Amino acid sequence: MIHTAALAHIRDRRLIQTRPEGKDVFYMAGGKIDPGETPLQALHREIEEELGVGLADVAEFGIFEAEAYGHGKNTGLHMTCFRADLTGEPTATGEIAEFRYFTVSEYAAMDHVAPGSMMVFRRLAELDLIDW
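Residues numbered from 1 in each chain as written. Predicted model: local features only at pLDDT ≥ 70, side-chain atom pairs only at ≥ 80, totals over all residues. Heavy atoms only, no water.

- As recorded by an unreviewed UniProt entry, the protein carries the name DNA mismatch repair protein MutT and is attributed to Nocardia camponoti.
- The record held by UniProt for the protein lists under Cofactor (unreviewed entry) the comment "Mg(2+)". (UniProt positions renumbered as here; feature names shortened; annotations may be inferred.)

Pasting the structure below:
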């Protein structure tokens, strides 16, 4: 089981997703929780590393469990997801090649999608926070 912290940041009714260097799939912004770290600490560290910004008004959104995309069969993902505002304009930094904001249908139309991301997209759409 891979334990991660993820950011559900919404702009103009679209959800931000990041694509790491050398990958063909967009994931939730965030990453693995290091030993001794809380999910919230991991979230702040990962977003600074990936997008070069801090977070404000952070609130836990939920825990999502799915197959960990790109890690082989039987590898689970336990993702603690937070909603938050960014303290500045994001920039793709570190291992991140690019980021984009997607509606549910825009993300679902990609050649490759991460199951954990799709779960968050659907939940946000159910709450009428992002567009389908």
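Still more ground to cover, so stick around.
## Considering the sheet that holds strand β1 (residues 2-8)
Two modes of strand pairing occur in sheets, parallel and antiparallel, and in both the strands are linked by backbone hydrogen bonds.
Stage number 1. Strand order in the open sheet formed by four strands is β4-β1-β6-β5, with mixed pairing between adjacent strands. At either end of the open sheet lies a strand with only one pairing partner, and these are β4 (29-32) and β5 (55-67). Strand after strand, the sheet turns through a mean of 20° between neighbouring axes, direction not considered.
Stage number 2. Note: β1 against strand β6 (residues 76-86), seven bridges, orientation parallel. Bridging from a neighbouring strand, Thr4 pairs with Met79 of β6.
Stage number 3. Across the sheet, helix α1 (residues 39-51) lies against β1, β4, β5 and β6, angled at about 120° from β4, the strand it touches most.
Stage number 4. On top of the sheet, helix α3 (residues 115-126) reaches β1, β5 and β6; it is set at about 120° to β5, its chief contact. (Pairing = 2+ DSSP bridges. Helix = DSSP H or I, 4+ residues; strand = E, 2+ residues; numbered from the N terminus. Axes fitted to C-alpha atoms, helices over the stretch in contact; angles between N-to-C directions. Contact = heavy atoms within 4.5 Å.)

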